[in-house]
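For reference, the chains in residue letters:
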Amino acid sequence: MIQFLSYLLNGISLGSVYAIIALGYSMVYGIAKMLNFAHGDVIMIGAYMSFCAIQYWSLPPIAAIVLAIVVCTALGILIERMAYKPLRTATSLSVLITAIGVSWLLQNIALLIWGANPKSYQSLVNFGSLTLFDGQLHITSETFITIAANIIIMIALTLFTGKTKMGKAMRAVSEDKGAAELMGINVNATISMTFAIGSGLAAIAGVLLCSSYPVLMPTTGSMPGIKAFTAAVFGGIGSIPGALIGGILLGLIEILGKAYVSTELGDALVFAVLIIVLLVKPTGLLGKKVHEKV
Amino acid sequence: MSLLKVEDLHVYYGSIHAIKGVSFEVNEGEIVTLIGANGAGKSTTLNTVAGLMKPRSGAVTFDGKAVAGVPASKIVPQGMALCPEGRRVFQQMTVRENLEMGGYTRPASEISESLDDVFTRFPRLKERHRQIAGTLSGGEQQMLAMGRALMSKPKLLMLDEPSMGLAPILVEQIFDIVQELHRAGTTILLVEQNAQMALSIADRAYVLETGNIVKEGIADDLMHDDDVRKAYLG
Ligand SMILES: Nc1ncnc2c1ncn2[C@@H]1O[C@H](COP(=O)(O)OP(=O)(O)OP(=O)(O)O)[C@@H](O)[C@H]1O
Ligand SMILES: [Mg+2]
């Protein structure tokens, strides 16, 4: 029972990381109608930046996190400007291939700078752990902070898109760029901002992920990226609560599947569930039906 | 005095030459209508003037400033609004949010006053201000699209087929509103399939045919012009 509780918490915590990454996927998809496959690698860059900040430049953890966010935000804007903006009117296949190219580029840059050997990441959010039930249940500070960060981010983004002028403009652009432009909204700047926010969140996800799973290498972002993409589709791409629910469910399925079904099949289970959900509800759990324009 | 002046405008879609040297002007305080058959280039002309498309060549002067090729988001604050073909309200946003987007370029302090103005003109929108726009009826969506365009307090309001797909009684209502807006001082450039209606409220009119202006004149005269009657008034 207590063992189950512990798996549950780990699942929610891992799911929270997926949810934060999924948000980035979802927001970018919503506004640019493209799958930014390089998103997972931005996570990896964020993790490396914070790693260097601690290891080589001896910055305090909070400064390391801020640095990672700043670098990833800038990187997100740069990627959009250089790689995707010129393809605004290109076919989605060209954009997809470009995104995969950017993903490889980032991984290879990381390989060049930091080498292929895994780095052992030192947790940035380690404040000890809480022991309950006579020492049978340990809850680490990483678990707490990851879940808390997820909740805060979800609330903040919901308020941002629902209440602020900029957030509403973002929703307008994701619905109809031409109409948004006619309102006086600078569509390019809005898309840029969306990439910036998504990439900033990726940095946070990178720090949290590596704080819990401390092996860092150039491919660290790939698998979580793909799973978060799965989570975004699972919950309904383009929807904030969808990313949250999709992420958490995915984390739970993965951890519980590995614990109770099979360690090897844990990942396969995740994708099997995705396929079933998409067969039953093609728009994902919370996906909105797209209104056809007359 | 001319508020909008378009000179020798050429617009392409790829290699398709859609607008082939169109010139016209709209004077302050006028209602001008652009009529023409399907595919004549009416929407392309409006979209280019509004800055959604870039012309290959030609000049667009709005309120004394050259705006050809300037993006729409920079033209809107100068006092031009386009209520586009097919309404294009933000389906997943509420009525109120749609209107707020219409006032995007105006200072926050002026928004509530403009909202009140729009709600006075369109009481239906006030009743439904929290409703998701996608669930409004076609007529209500048209009112929302017009209200949204008015939120920017435009000097020039361009309407692209506001009567499209509406029942006759609603068409009357929309045209009444256009006339009211005009009386309240807004200059109007109206594109319509419903040439009869458009000519009946316009001061002047231009007839567009496959990318060229083939006729222009006082709306009343065109209404009695034999060619126009045959081609557009059935
Ligand atoms: N996106 C596009 N790509 C290629 N050609 C286009 C595009 N949009 C319009 N056209 C062409 O440009 C010409 C003018 O079209 P436009 O939409 O301006 O006509 P319109 O007068 O508004 O017609 P309608 O009354 O049907 O709205 C047409 O021949 C049309 O086929
Ligand atoms: Mg048209």
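Residues numbered from 1 in each chain as written. Chains lettered and ligands numbered in written order. Predicted model: local features only at pLDDT ≥ 70, side-chain atom pairs only at ≥ 80, totals over all residues. Heavy atoms only, no water.

Caption draft 1: Highlighting the overall build of chain A. Along its length, chain A carries 11 helices and four strands. Its C-alpha atoms give chain A a radius of gyration of 19 Å, within 12% of the compact-globule value 19 Å for 294 residues. Viewed in the frame of its principal axes, chain A has a C-alpha envelope of about 65 × 45 × 35 Å. Within chain A, the fraction of its 294 residues that count as buried is 51%. Counting only contacts in chain A whose residues sit at least 6 apart along the sequence, the fraction spanning at least 24 positions is 72%. For chain A, the accessible area works out to roughly 13200 Å², and carbon and sulfur atoms hold 71% of it. Within chain A, one finds 16 positive and 11 negative side-chain charges whose respective centroids are separated by 11 Å. (Helix = DSSP H or I, 4+ residues; strand = E, 2+ residues; numbered from the N terminus. Rg over C-alpha atoms; globule rule 2.2 N^0.38 Å. Buried < 20%, exposed > 50% of the residue type's maximum accessible area, 1.4 Å probe, protein only. Contact = heavy atoms within 4.5 Å. Areas by Shrake-Rupley, 256 points an atom, 1.4 Å probe, with all protein chains shown as cover. Lys, Arg positive; Asp, Glu negative; His and termini not counted. Charge placed at Lys NZ, Arg CZ, Asp CG, Glu CD.)

Caption draft 2: View of a nonpolar patch on the surface. Side chains of Met1, Phe4, Tyr260 and Val261 of chain A sit close together on the surface and give an oily, nonpolar patch of about 470 Å² of accessible area. The exposure class of Met1 of chain A is exposed, given its relative accessible area of 74%. (Patch = residues over 30% accessible without salt bridge, like charges linked within 9 Å, V, L, I, M, F, W, Y side chains within 5 Å. Salt bridge = Lys/Arg side-chain N within 4 Å of Asp/Glu carboxyl O.)

Caption draft 3: Looking closely at the sheet that holds strand β2 (residues 16-27) of chain B. All names here are of chain B. Pairing is antiparallel in the open sheet, where four strands are placed in the order β2-β1-β4-β5. The two strands at the open ends of the sheet, each matched to only one other strand, are β2 and β5 (65-66). Looking at chain direction, strand β4 (residues 57-62) and β5 are connected through two bridges and run antiparallel. Bridge pairing links Phe62 to Lys65 in β5. On the sheet, helix α1 (residues 42-50) packs against β1 (2-13), β2 and β4 and is oriented at approximately 115° with respect to β1. (Pairing = 2+ DSSP bridges. Axes fitted to C-alpha atoms, helices over the stretch in contact; angles between N-to-C directions.)

Caption draft 4: The arrangement of the environment of Phe133 of chain A in detail. Residue and element names in this part refer to chain A. Summarising the element assignment, Phe133 is placed in the loop between β2 (129-132) and β3 (137-140). The exposure class assigned to Phe133 is partly exposed, which follows from its relative accessible area of 43%. Along the primary structure Phe133 and Met166 are separated by 33 residues, whereas in three dimensions their C-alpha atoms are 47 Å apart. Sequence-distant contacts of Phe133, that is, excluding residues within four places in its chain, are made with Ile2 and Leu5.

Caption draft 5: The arrangement of the interface of chain B and chain A in detail. With 22 residues of chain B at the interface, the matching set in chain A holds 20 residues. Between chain B and chain A, the buried area comes to about 2100 Å², and carbon and sulfur atoms account for 61% of it. Summed over the three residues of chain B that lose the most area to chain A, namely Phe90, Gln92 and Tyr104 of chain B, the buried surface amounts to 31% of that side. Taken together, the connections running from chain B to chain A amount to three salt bridges. (Buried area = accessible area lost by both parts, 1.4 Å probe.)

Caption draft 6: Representation of the packing of helix α3 (residues 61-84) of chain A against helix α8 (residues 187-212) of chain A within the structure. All names here are of chain A. Put simply, α3 and α8 touch, their axes get as near as 7 Å, and they point 140° apart. With respect to α8, the axis of α3 lies oblique. The element α3 and its partner α8 pack so that their crossing is right-handed. Between α3 and α8, the residues in contact are Ile65, Ala68, Ile69, Cys72, Thr73, Gly76, Ile77, Glu80, Arg81 and Tyr84 and Ile191, Ser192, Phe195, Ala196, Ser199, Gly200, Ala203, Ile204 and Val207, respectively. (Parallel < 35°, antiparallel > 145°, perpendicular 65-115°, else oblique. Left-handed = near helix turned anticlockwise from the far one by under 90°.)

Caption draft 7: How the structure looks around the environment of Ala133 of chain B. Residue and element names in this part refer to chain B. Here Ala133 lies in the loop between α5 (123-127) and α6 (138-150). Along the chain, Ala133 and Gln92 lie 41 residues apart, while their C-alpha atoms are 6.3 Å from each other. Excluding residues that lie within four positions of it along the chain, Ala133 makes contacts with Val89, Phe90, Gln91, Met93, Thr94, Asn98, Gln141 and Leu144.

Caption draft 8: The packing of helix α1 (residues 2-32) of chain A against helix α6 (residues 165-175) of chain A, seen in detail. All names here are of chain A. It is at 6 Å that the axes of α1 and α6 come closest, and there the two elements cross at 55°. Between α1 and α6, the angle is such that the two are oblique. Residues Met27, Gly30 and Ile31 of α1 form the contact with α6, whose own contacting residues are Met170, Val173 and Ser174.

Caption draft 9: Region of the structure containing the coordination of the magnesium ion (ligand 2). Residues and elements named next belong to chain B. Each protein donor to the magnesium ion (ligand 2) is listed here as Ser43 (OG) and Glu85 (OE); together their distances run 1.9 to 2.3 Å. Residue Ser43 is found in helix α1, and its partner Glu85 is found in the loop between β6 (80-83) and α3 (95-102); the two are separated by 42 residues along the sequence. Its relative accessible area of 17% is what places Ser43 among the buried residues. (Donors = N, O, S within 2.8 Å, 3.2 Å for Na, K, Ca; no water.)

In short, geometric facts, not functional conclusions.
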